[in-house]
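Close look at the chain arrangement
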Amino acid sequence: MEQTEKPKASAEKGLLEKIKLCLLKKPLPSPTERKKFDHDFAISTSFHGVHNIVHNQSKIRKLIWSVIVLGSVSLVVWQIYSRLVNYFTWPTTTSIEVQYVEKIEFPAVTFCNLNRFRTEAAAKFGVIFFLWNIVYKVVHLQEIRSNYSGFKDATDFLESHQNFSITEFVKKNGFYLNNRTLLECNFFGKPCGPQDFAHVFTEYGNCFTFNHGENIQAKEKVSVSGRGLSLLFNVNQGEFTDDPALGFVDAGIIFVIHSPKKVPQIDGLGLSSPVGMHARVTIRQVKTVHQEHPWGECNPNIKLQNFSTYSTSGCLKECKAQHIQEQCGCIPYLLPGNGIECDLQKFYNCVSPTLDLIELKGLCTMGTHNSSCPVSCEETEYPATISYSTFPSQNALKYLSKKLNQSQEYIRENLVNIEINYSDLNYKITQQQKAVSVSELLADVGGQLGLFCGASMITIIEIIEYIFTNFYWICILFLLKIPKMTQGAPPPGHHLEKRNHIEEC
């Protein structure tokens, strides 16, 4: 270790010696030459006001110009300091622009039945409605009702059904879409059907998305406002009935309007249309652009493994799936991933406690740039206005009763009519922008220098050259003084001899 340090120290010493020799080769200017250099700089510099101090013979004028120059420099320093402080607060502005177009893309719409399961499944697996609360926690954290009357039945069910597959159960016994449940479908004057919908799993079980990202309909655009997607659903209340004791008391269709590239987030954002109603929904398209940190809170470097486009909801799902897979060795139903599906036993014993732990420790957070899931840099939303009217009318009720061969009471209690249209052929862009860019900061600083001192980039280079030259001379003077000081001091041996001589005397 010492051997390696010695060559290093000697190398540094050798470099310093070379620099010292290089400086000593240059002659040191005389005091007269240094004064002449200072005088020439003062009368030739483009820094306004300095040459007025030198040229004026009157002491009063020199004093006045000195005060003016120092005051201007002080103002410049203060202005530049305030501009830099303002820049490093990373200010932003928000611009709103409305773009009018001839054609506009239609969003994706995901539809779910408010009744999740069939009646026969409820009769065979009555306890599944309680266990669904555990499954539902994956998307929406909520407390399990431990005071549920069938709590013991639930634990017995879990023990007796070790290999119970939630996915298979929901697919088989959940809401389905065919010609019996989708009675009419019309998109921009063209007929559509169940084949135009993509199946997705949500907290409402089986749901179906129109205009899915991989669907051919996603390529079509609407060219006339006031027309769009028109649907007539049959919710089949008698066939799909949830347990009202657990809060499933509504009948109708819940739907959410979202970007075709975004996962549907129904809970809290879904629009409901009850049976016996005609829901007219008018939508607008709003695009939002967020700045990345430190100006904003988005992070463009985050990529999702299971989704092509980043979204906060998709990121939260992947975050929960990752923590649950680490703790339980499986991936729950409703969450993305390629791992083994968690059965109900693991849902009850491991997944549910892990979700509580995630919420308690804040392992999956959203919002700010340093959270698990910051806001997306670009997102498209579809604000909606919904109005209702009674459906069908008396004449339409008779017509539909004959057409569907069902009673009028059945028509009133099972049919839902939904219409989704654009209000205008335009979209709004809300863009977060940097309030001060680097070029604007430089222009502002340059303006302050020019206003108060008449200075420019050339002036700054002149001042740097003047300071560097004086510093260079000081270095040479310092190096020349050191040998003189060492030569003038008597050697240590001389002091010792003198001391011995005094002692002898």
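Residues numbered from 1 in each chain as written. Predicted model: local features only at pLDDT ≥ 70, side-chain atom pairs only at ≥ 80, totals over all residues. Heavy atoms only, no water.

Identification of the protein as Bile acid-sensitive ion channel from Canis lupus familiaris is taken from an unreviewed UniProt entry. Note on the protein: under the UniProt heading Subunit (unreviewed entry), the record states "Forms homotrimeric channels." Regarding the protein, the relevant UniProt record gives this comment under Sequence similarities (unreviewed entry): "Belongs to the amiloride-sensitive sodium channel (TC 1.A.6) family. ASIC5 subfamily." (UniProt positions renumbered as here; feature names shortened; annotations may be inferred.)

1. Brief notes about the overall build of the protein
Looking only at helices and strands, one finds 15 helices and 17 strands in the protein. For the protein, contacts bridging at least 24 residues in sequence account for 76% of all contacts bridging at least 6. (Helix = DSSP H or I, 4+ residues; strand = E, 2+ residues; numbered from the N terminus. Contact = heavy atoms within 4.5 Å.)

2. Focus: the state of the cysteines
Disulfides are covalent bonds that link the sulfur atoms of two cysteine residues. The final tally for this structure, using the stated rule, is seven disulfides. Across the disulfide from Cys-298 sits Cys-377; the S-S distance is 2.2 Å. What sets the handedness of the Cys-298 and Cys-377 disulfide is the S-S torsion sign, and at about 90° it is right-handed. In this pair, Cys-298 sits in the loop between strand S12 (277-289) and helix H9 (312-328) while Cys-377 sits in the loop between strand S14 (373-374) and strand S15 (378-381), placing the two residues 79 residues apart along the sequence. In this structure Cys-298 comes out as buried when scored by relative accessible area, which is 2%. Put simply, Cys-315 and Cys-373 are joined by a disulfide, and their sulfur atoms are 2.1 Å apart. (Disulfide = S-S within 2.5 Å. Buried < 20%, exposed > 50% of the residue type's maximum accessible area, 1.4 Å probe, protein only.)

3. Here's the deal with the pairing of strand S9 (residues 228-234)
Along any regular strand the residues' side chains alternate between the sheet's two faces. Among the seven residues of S9, six are classified as buried, and the element is accordingly described as predominantly covered. In the sheet, strand S4 (residues 182-187) pairs with S9 via five bridges, with the strands oriented antiparallel. Along S9, the bridge assignment pairs Phe-187 with Leu-229. Where S9 meets strand S17 (residues 415-434), seven bridges bridge the pair, whose relative direction is antiparallel. Counterpart to Phe-233 in the pairing with S17 is Val-416. (Pairing = 2+ DSSP bridges.)

4. Thoughts on the pattern of salt bridges
Throughout the structure, instances matching the rule amount to three salt bridges. Linking Arg-83 and Asp-444 is a salt bridge whose minimum nitrogen-to-oxygen distance equals 2.5 Å. Of the two residues, Arg-83 sits in helix H4 (residues 59-87) while Asp-444 sits in helix H13 (residues 438-453), which places them 361 residues apart along the sequence. The shortest N-O distance in the salt bridge between Lys-403 and Glu-184 comes to 3.6 Å. (Salt bridge = Lys/Arg side-chain N within 4 Å of Asp/Glu carboxyl O.)

5. Notes on the nonpolar core
Counting residues in hydrophobic clusters, the biggest one holds 34 residues, and the most contacted among them are Phe-111, Phe-197, Leu-229, Phe-233 and Ile-420. Mapped onto this core, the elements with two or more residues apiece are strand S3 (108-113), S4, strand S7 (205-210), S9, strand S10 (252-258), S12 and S17. The dominant element in this core, judged by the number of residues it contributes, is S17, at seven residues. Not counting residues within four places of it along the chain, the set of residues in contact with Ile-420 comprises Phe-106, Val-109, Phe-111, Gly-228, Leu-229, Phe-255, Ile-257, Val-281 and Ile-283. Within the second largest apolar cluster, 28 residues are counted, among which are Leu-304, Phe-307, Leu-335 and Cys-364. (Core = buried A, V, L, I, M, F, W, Y, C linked by side-chain atoms within 4.5 Å.)

6. Points about the packing of H9 against helix H10 (residues 344-361)
Each packed pair of helices is defined by two parameters, the angle between the axes and the distance between the axes. Taken N-terminus to C-terminus, the directions of H9 and H10 make an angle of 130°; their axes are 10 Å apart at the nearest point. Classified by the angle between their axes, H9 and H10 sit oblique to one another. The way H9 lies across H10 gives a crossing that is right-handed. Contacts from Lys-320, His-323, Ile-324, Gln-327 and Cys-328 of H9 reach H10 at Lys-346, Cys-350, Val-351, Thr-354, Leu-355 and Ile-358. Considering only residue class, the contact of H9 with H10 consists of six nonpolar, three polar and two charged. (Axes fitted to C-alpha atoms, helices over the stretch in contact; angles between N-to-C directions. Parallel < 35°, antiparallel > 145°, perpendicular 65-115°, else oblique. Left-handed = near helix turned anticlockwise from the far one by under 90°. Nonpolar A, V, L, I, M, F, W, Y, C, P; charged D, E, K, R; others polar.)

7. A look at the sheet that holds strand S6 (residues 197-202)
As summarised here, the arrangement of the five strands in space is S6-S7-S3-S10-S11, forming an open sheet in which the pairing is antiparallel. Looking at which strands have only one partner, the edges of the open sheet turn out to be S6 and strand S11 (271-274). Adjacent strand axes in the sheet meet at a mean angle of 30°, parallel and antiparallel pairs treated alike. Note: S3 against S7, four bridges, orientation antiparallel. Bridge pairing in S7 places Thr-110 opposite Thr-209.

8. Here we look at unusual backbone geometry
For the bond running from His-293 to Pro-294, omega is 15°, close enough to zero to count as cis. Residue position: Pro-294 is located in the loop between S12 and H9. In this structure, Trp-90 takes a positive phi of about 55° despite not being glycine. By secondary structure assignment, the location of Trp-90 is in the loop between H4 and strand S1 (92-100). The class for Trp-90 is partly exposed, based on a relative accessible area of 26%.

9. Here's the deal with the packing of aromatic side chains
Across all of its chains, the model carries 12 aromatic pairs by this definition. For the pair Phe-106 and Phe-187, a centre-to-centre distance of 5.1 Å together with 70° between the ring planes defines the contact as edge-to-face. With Phe-106 in the loop between strand S2 (104-105) and S3 and Phe-187 in strand S4, this residue pair connects regions lying 81 residues apart in the sequence. On the basis of relative accessibility, which here comes to 3%, the residue Phe-187 falls in the buried class. Of note, Lys-287 hangs over the ring of Tyr-427, and the distance from its end group to the ring centre comes to 4.5 Å. (Phe/Tyr/Trp six-rings, centres within 6.5 Å; stacked < 30°, edge-to-face > 60°. Lys NZ or Arg CZ within 6 Å of the ring centre and 35° of its normal.)

10. Quick look at the packing of H4 against H13
At their nearest, the axes of H4 and H13 sit 9 Å apart, and the two run at 165° to each other. Here H4 lies roughly antiparallel to H13, going by the angle between them. Where H4 crosses over H13, the two elements pack in a sense that is right-handed. Contact with H4, carried on its side by Ser-72, Val-73, Leu-75, Val-76, Gln-79, Ile-80, Arg-83, Leu-84 and Tyr-87, involves Val-438, Leu-441, Asp-444, Val-445, Gln-448, Leu-449, Phe-452 and Cys-453 of H13 and no other residues of that element.

11. Some thoughts on the side chain of Thr-202
Within the secondary structure, Thr-202 sits in strand S6. Thr-202 gets classed as buried once you look at its relative accessible area, which sits at 3%. Only 3.0 Å separates the side chain of Thr-202 from the backbone nitrogen of Tyr-204, close enough to count as a polar contact. (Polar contact = N/O pair within 3.5 Å; in protein donor to acceptor, adjacent residues only side chain to side chain.)

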